[in-house]
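Structural overview for review
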Amino acid sequence: MQSERGRPLGSALSSNASQIALRMISQSVLSDEGELLGLLRQRVREAIAYRRRLVPADAEAYRLIFSEADGLPGLIVDRYRQILSLQTLTQAMDRADIKEVAIAELLEQFASEAVSSVVQRVDPRIRELEQLPPAPSRLLRGEETATVYAINGIRFHYDGLSGQKTGAFLDQRENYAAAQRYAHGSALDVFCYQGGFALHLARKCDSVTALDSSRPALEVAEQNEALNPGRPSIEWMEGNAFDFLKDSATAGREYDTIVLDPPAFAKSRRNLETALRGYKELNLRALRMLRRGGVLVTCSCSYHVSDADFLDMLRSAAADIHRNVRLLEHRGQAQDHPTVLGIPETHYLKCVICSV
Ligand SMILES: C[S@@+](CC[C@H](N)C(=O)[O-])C[C@H]1O[C@@H](n2cnc3c(N)ncnc32)[C@H](O)[C@@H]1O
């Protein structure tokens, strides 16, 4: 890459299909492909060393490589105990030789920790956007595609060939523990997926209801509950969150703890207004159903909704129904999904915990 005056700016990975044509990989000019592959190996090692310093020993699942945040634009790798789950989001990272080098370095670094299998997770929409040929999620190395892993002392099933994201929402790991600290009484986990928040709430609450629209996610949630016996049994419900909250409010149901973790409503800047209306509707209904002293844990994973937008939405919802809301914690994604100053796209998750 060069400036208009011909001054070298550095090296970038290119895509002839994406709206993001160039993704910077180095501020130096790389002389050849060999140097690029060497740099990739080095970045993989640095990403692993960073996690070894800050991920607690009892976390058996965490993000190892987070794309631009680790200087590896377009590459995501999560560890689920002995299985690495890899996603390539760009033409460059999907190149066979680049993938091979990344996998070889990963397996070398984890040789002493019995990490032996690598699965590639495919998001068909992203492959289409990058004009990459369709491909199934599949085993690339080793023999295992499924395992059981623990985070915060709670056990979960992992199936590398099904589910959403790379299998779980690992970005919420630290927020699960934070939500558990404040949870009490009767709890409701809306958009529960495979039960990440619900299973943490069950450690502190007298009763937990958890709702999601995905039947396959709820089936795994029930299996996860069975892995962690000895807590109040969780009521798993299949349904639409908006309808459920409306009907529950009409029926006068109340809770002491409510978690809202919807999918990203703002997929682009263009639908920010509609997204904020959606968040406000959900939060209004939840605030109404909380008993005095109740705890709301409310999240947004839309990058286009800023922290300020999200807090404004919450303030406006609280004002509309005359609730006094105290901020307990204003959180983001877990530390293994680093936020890099200067790359705003690396900060996307908001998790606000408040007392109502
Ligand atoms: C961000 S994920 C939730 C992650 C979950 N809290 C966790 O920590 O694992 C959003 C979830 O919302 C569910 N979902 C999407 N639209 C929904 C709707 N209208 N009603 C209920 N659930 C919905 C999806 O199936 C998905 O499981």
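Residues numbered from 1 in each chain as written. Predicted model: local features only at pLDDT ≥ 70, side-chain atom pairs only at ≥ 80, totals over all residues. Heavy atoms only, no water.

1. Overview of the overall build of the protein chain
Threshold: Each helix corresponds to a stretch of at least 4 residues labelled H or I by DSSP, and each strand to a stretch of at least 2 residues labelled E; elements are numbered beginning at the N terminus. For the radius of gyration, the atoms used are the C-alpha atoms, and the globule rule reads 2.2 Å times the number of residues raised to 0.38. Each residue's exposure class comes from its accessible area (1.4 Å probe, protein chains only) as a fraction of the maximum for that residue type: buried when under 20%, exposed when over 50%, partly exposed otherwise. The contact definition used throughout considers only heavy atoms, calling two residues in contact when any of these lie within 4.5 Å. Each accessible area is a Shrake-Rupley result for a 1.4 Å probe, and residues are judged covered by the shown protein chains and nothing else. Counting rule for charge: Lys and Arg are taken as positive, Asp and Glu as negative, and neither His nor the chain ends is counted. Lysine's charge is taken at NZ, arginine's at CZ, aspartate's at CG and glutamate's at CD.
Within the protein chain, the regular secondary structure consists of nine helices and 16 strands. Here the C-alpha atoms of the protein chain give a radius of gyration of 21 Å, agreeing with the 21 Å that 2.2 N^0.38 yields for 356 residues. Expressed along its principal axes, the backbone C-alpha trace of the protein chain runs to roughly 65 × 50 × 35 Å. For the protein chain, buried positions account for 53% of its 356 residues. In the protein chain, the proportion of contacts linking residues at least 24 apart, taken out of those at least 6 apart, comes to 63%. When the accessible surface of the protein chain is summed, it comes to about 16400 Å², and 49% of that surface belongs to carbon and sulfur atoms. The positive charge centre, built from 43 side chains, and the negative charge centre, built from 46, are 4 Å apart in the protein chain.

2. Some points on the pattern of salt bridges
If the charged atoms of two oppositely charged side chains come close together, the side chains can form a pair. Definition in use: A pairing counts as a salt bridge when a side-chain nitrogen of Lys or Arg comes within 4 Å of a carboxyl oxygen of Asp or Glu.
One pass over the structure, following the stated rule, counts 24 salt bridges. Across the pair Arg-95 and Asp-97 runs a salt bridge, and its minimum N-O distance is 2.8 Å. Overall, Arg-95 belongs to the partly exposed group, its relative accessible area being 31%. Taking relative accessible area as the criterion, Asp-97 reaches 33% and is therefore assigned partly exposed. Taking the shortest distance from any N to any O, the salt bridge between Arg-215 and Glu-238 comes out at 2.7 Å. Of this pair, Arg-215 sits in helix 6 (residues 215–227) while Glu-238 sits in strand 12 (residues 234–238); the two residues are 23 residues apart in sequence, bridging distant segments of the chain. Looking at Arg-215, the relative accessible area reads 32%, which means it is partly exposed.

3. A few points about the domain arrangement of the protein chain
Note the threshold: Residue ranges for the domains trace back to a domain assignment, done automatically or taken from a database. Note on terms: buried area is the combined drop in 1.4 Å-probe accessible area of two parts once they are placed together, counting the loss on both. For this analysis, a polar contact is any N or O atom pair within 3.5 Å, provided that within protein one partner can donate a hydrogen and the other can accept it, and provided that sequence-adjacent residues contribute only side-chain to side-chain pairs. Under the scheme applied, nonpolar residues are Ala, Val, Leu, Ile, Met, Phe, Trp, Tyr, Cys and Pro; charged residues are Asp, Glu, Lys and Arg; polar residues are all the others, including Gly.
According to the domain assignment, the protein chain contains domain 1 (11–152) and domain 2 (169–355). Between domain 1 and domain 2, the C-alpha centre-to-centre distance is 29 Å. Contact with domain 1, which involves 18 residues of that partner, is made by 16 residues of domain 2. Both faces combined, the contact of domain 1 with domain 2 buries some 1400 Å², and carbon together with sulfur accounts for 67% of it. Taken together, the links from domain 1 to domain 2 amount to zero salt bridges. Counting across the domain 1 and domain 2 interface gives five residue pairs in polar contact (both at pLDDT 80 or more). Per-element tally for the side of domain 1 that touches domain 2: the top contributor is strand 3 (residues 61–66), with four residues. A per-class count over the side of domain 1 that touches domain 2 returns 12 nonpolar, one polar and five charged.

4. Quick notes on the sheet that holds strand 13 (residues 255–260)
Keep this limit in mind: Strands were regarded as paired on the criterion that DSSP finds at least two bridges between them. Each axis is a line fitted through C-alpha atoms, taken for helices only over the stretch in contact, and angles between the N-to-C directions span 0 to 180 degrees.
An order of 12-11-10-13-14-16-15 is seen for the seven strands of this open sheet, with the pairing classed as mixed. Strands with a single pairing partner mark the edges of an open sheet, and in this sheet they are strand 12 and strand 15 (326–331). The sheet shows a mean angle of 15° between the axes of neighbouring strands, taken without regard to direction. Strand direction decides the pairing type here: strand 10 (residues 186–190) and strand 11 (residues 207–212), joined by five bridges, are parallel. Residue pairing in the sheet places Ser-186 in a bridge with Ser-207 of strand 11. With respect to the sheet, helix 4 (residues 173–182) is in contact with strand 14 (290–300), strand 15 and strand 16 (350–355), its orientation differing from that of strand 15 by roughly 160°. Contacts from helix 9 (residues 307–320) reach strand 14, strand 15 and strand 16, with the element oriented near 30° to strand 16.

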